[in-house]
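Each chain, written out:
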Amino acid sequence: MEKIVSLCKRRGFIYPGSEIYGGLASTYDFGPLGVELKNNVKKLWWKYFVQDREDMVGLDGGILLSPKIWEASGHVKNFKDALVECKQCHLRFRPDKLKDASKCPECGGQFTDPKLFLGMFKTVIGATDKDGVEAYLRPETAQAIFADYKSVLDSTNKKIPFGIGQTGKAFRNEVTTGNFIFRVLEFDLAELEYFIAPDSDWKKIFEDWLSYIYGFADLIGLPRDKFVNHEIPAEDRAFYSKRTIDIEYQFPFGQDELWAIAYRTDYDLSAHQKASGQNLEYFDEATKKRFLPHVIEPTFGVERTILALLSEAYREEKMENGETRAVLKFKPNVAPYKVAVFPLLANKENLVAKAREIYQELKKDFNVAWDERGNIGKRYRSQDEIGTPFCITVDFDSIEKGDVTVRDRDTMKQERVKIEKLKDFLNEKIVK
Ligand code: GAP
């Protein structure tokens, strides 16, 4: 983990938040490479879960929603965790996360009695605190989906079963911190609510979604043997769920929740129907029946996905010349840069001009890095460390014969490719 954290900072993936002011615990900023990685993950998620499926549409709901939504959904009452403080060293812990909740794991001290605290951040809408309306930053994106579900039905041709997907920021007032971006105050969620008839075979639909989720793991290059499905017993499930599986992953610091899937029944829609006084029932044209749909909810933390991708991709490898290289073996579809272009020598005008031409042309289709510093070996090391799958070197033969050297990050093998064939070559490798 230490190596990953240090690489992330050094190469511009992830910085500690507000660092020039001494930092703000459990917050991070995504740097130039981190934002590319994150956007790739979100785009792949959107394509796979929303665009590729006929039974799905998207939504971009607000971070600020009426506080009535959070009261109706049960979050104001139930989105709380217990907190204990060590009487000796004053460190705070969530008792449900401790292996042994009787003594402080840091100093062996006694704990205070547990106190409940709200996991939602509060804010104020209005000119002053006194006149303002207290509101919450959303701790999940799901509620906007429930609140808008009727509007989506009325404005599209979707029929049940169908789903609504959404990605966006969520906020949680976490008191226990640590493990880099695993548990943070602010993170991107990607989740979907799949609306089904109450009498449908929810167990099968749940299993179908679970296996579809594993297709996403394959798509972004997370190996299946690192996953464990953890069936959550009734007493530990979220207040809204009838069945939950935490899809856990073997992170470098241990196995923990990466994604989850829950059967939320009609808990949310029936709560919103009651609290809003609006009829949220669905009318089934075929059976002429009215009902409140139930939902299956697959949910994905983007930060945790990125942490899994980074820890999976990071390798240190001994090379033939005895040196060790650090390399991020991302699948090309998530890699921040797909390809880097170098002129063999930075002081030869014709090489630089040809290389710039190729760089500009490839940039129309891919995110491309440019490097002319140092020697070729150093440039390869530098691109390996940020996970660029291919490096193109433009040399004197390129000008004579119209081909370039393409070097593969993983095999370190080089091959000559015709300049006019470069796009096809890269497209084929990146899609695979
Ligand atoms: N709408 C369902 C829901 O919010 P959750 O299990 O509480 O379910 C969903 O959260 C996902 O969000 C988790 O599987 C995890 O990936 C991510 N997540 C939760 N809390 C997080 C935190 N503090 N920092 C980073 N990711 C978090």
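Small disclaimer: the values here were computed from a predicted structure and weren't measured. (Residues numbered from 1 in each chain as written. Predicted model: local features only at pLDDT ≥ 70, side-chain atom pairs only at ≥ 80, totals over all residues. Heavy atoms only, no water.)

## Some points on the nonpolar core
Counting residues in each nonpolar core, the largest one holds 58 residues, and the members touching the most others are Phe13, Phe49, Trp209, Leu222, Trp259, Ile296 and Phe330. Per element, the largest residue contribution to this core is 11 residues, and it comes from helix H6 (residues 202-220). Non-local contacts of Ile296, meaning those with residues more than four positions away in its chain, are made with Leu192, Glu193, Tyr194, Ile196, Trp202, Ile205, Phe206, Trp209, Ile261, Ala262 and Tyr263. Core analysis: the second largest hydrophobic core is formed by 26 residues, Met120, Ile145, Phe146 and Tyr282 among them. (Core = buried A, V, L, I, M, F, W, Y, C linked by side-chain atoms within 4.5 Å. Buried < 20%, exposed > 50% of the residue type's maximum accessible area, 1.4 Å probe, protein only. Helix = DSSP H or I, 4+ residues; strand = E, 2+ residues; numbered from the N terminus. Contact = heavy atoms within 4.5 Å.)

## As for the environment of Thr156
Assignment of secondary structure puts Thr156 in the loop between helix H5 (142-155) and strand S9 (162-171). Between the C-alpha atom of Thr156 and that of Lys87, which follows or precedes it by 69 residues, the distance is 57 Å. Within the structure, Thr156 has its side chain in polar contact with the backbone nitrogen of Lys158 (distance 3.3 Å). (Polar contact = N/O pair within 3.5 Å; in protein donor to acceptor, adjacent residues only side chain to side chain.)

## Regarding empty space enclosed by the protein
Scanning the model with the defined rule gives 1 cavity of 30 Å³ or more in all. Of the voids in this model, the largest cavity is the one considered here, and its volume is about 40 Å³. Val41, Lys42, Trp45, Ala190, Phe216, Phe300, Gly301, Val302 and Thr305 together form the lining of the largest cavity. The leading source of residues in the lining of the largest cavity is helix H2 (residues 32-51), at 3 residues. Residues belonging to the lining of the largest cavity are distributed by class as follows: 6 nonpolar, 2 polar and 1 charged. (1 Å grid on protein atoms, 1.4 Å probe; cavity = no way out; pocket = protein on both sides within 12 Å on 5 of 7 lines; lining within 4 Å. Points joined across faces, edges and corners; volume = space filled by probe spheres on them. Nonpolar A, V, L, I, M, F, W, Y, C, P; charged D, E, K, R; others polar.)

## Considering the site of the ligand
Taken together, 18 residues form the shell around the ligand, and within it Glu140, Glu174, Glu191, Glu257 and Leu258 come nearest. Between the ligand and Leu258, the relevant distance is 2.6 Å, taken from an oxygen atom to a main-chain nitrogen or oxygen of the residue. Side-chain polar atom of Arg304 to a nitrogen atom of the ligand: 3.4 Å apart, as the coordinates give it. Burial of the ligand by the protein amounts to 92% of the accessible area it has alone, namely 560 Å². Of the residues forming the shell around the ligand, the biggest block, 4 residues, is contributed by strand S13 (residues 254-265). Tallied by class, the residues present in the shell around the ligand amount to 7 nonpolar, 2 polar and 9 charged. (Near = heavy atom within 4 Å. Areas by Shrake-Rupley, 256 points an atom, 1.4 Å probe, with all protein chains shown as cover.)

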